[in-house]
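Working through the structure, step by step
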Amino acid sequence: MVRYLEVKSRGRTEFIDITHLVQEQVRVSGVRNGACHLFVLHTTAGITVNEGADPAVQRDMTSFLNRLVPVDHFFTHAEGNSDAHIKSTLTGASLMLFITDGKLLLGTWQSVYFCEFDGPRQRRVAVKITSDT
């Protein structure tokens, strides 16, 4: 069964920590060991795992991506958000995480981030949890 997370962004570009939302889906599923598959249902957003302890990391990633792929009037896409489509491709639209003993298997400093590149918007992430047994 596929479930959905609702994510509301507040800025044009931001990294939103959704680890607690994903972990809650794992808890509700009752799966002890398996996998959690995440898929972003948008072409101008992505998902990634990165450091969750220091918010400077997310600021640095946002700053770097904005310099790497700036909003540019030379892009030909009529909606004016080509930079968001490119950033989404760079971060990726899906993620798979292991579940061990009923919890997401993440490193000490790792968190799951929804990557907004064309906000603010209301977004959805599909979640599918599978069991090893």
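Above this text is the structure in question.
Described below are features of the structure shown in this document. In this text, all values refer to a predicted model and were calculated from it rather than measured experimentally.

It is worth spelling out the packing of helix H2 (residues 55-68) against helix H3 (residues 82-91) at this point. Closest axis-to-axis distance for the H2/H3 pair is 10 Å, and the angle between their directions is 125°. The pairing of H2 with H3 is recorded here as oblique in orientation. Judged by the twist between their axes, the crossing of H2 over H3 is right-handed. Between H2 and H3, the residues in contact are Leu 65, Asn 66 and Leu 68 and Lys 87, Leu 90 and Thr 91, respectively.

On to the pairing of strand S5 (residues 94-100). Only one face of S5 is covered, namely the one carrying Leu 95, Leu 97 and Ile 99; the face carrying Ser 94, Met 96, Phe 98 and Thr 100 has none of its residues buried. Looking at chain direction, strand S3 (residues 34-40) and S5 are connected through six bridges and run antiparallel. Considered in S5, the bridge of Phe 39 is made with Ser 94. With two bridges joining them, S5 and strand S6 (residues 103-104) adopt antiparallel strand pairing.

Here is what the cut-offs are and how they apply
Residues numbered from 1 in each chain as written. Predicted model: local features only at pLDDT ≥ 70, side-chain atom pairs only at ≥ 80, totals over all residues. Heavy atoms only, no water. Axes fitted to C-alpha atoms, helices over the stretch in contact; angles between N-to-C directions. Helix = DSSP H or I, 4+ residues; strand = E, 2+ residues; numbered from the N terminus. Parallel < 35°, antiparallel > 145°, perpendicular 65-115°, else oblique. Left-handed = near helix turned anticlockwise from the far one by under 90°. Contact = heavy atoms within 4.5 Å. Buried < 20%, exposed > 50% of the residue type's maximum accessible area, 1.4 Å probe, protein only. Pairing = 2+ DSSP bridges.

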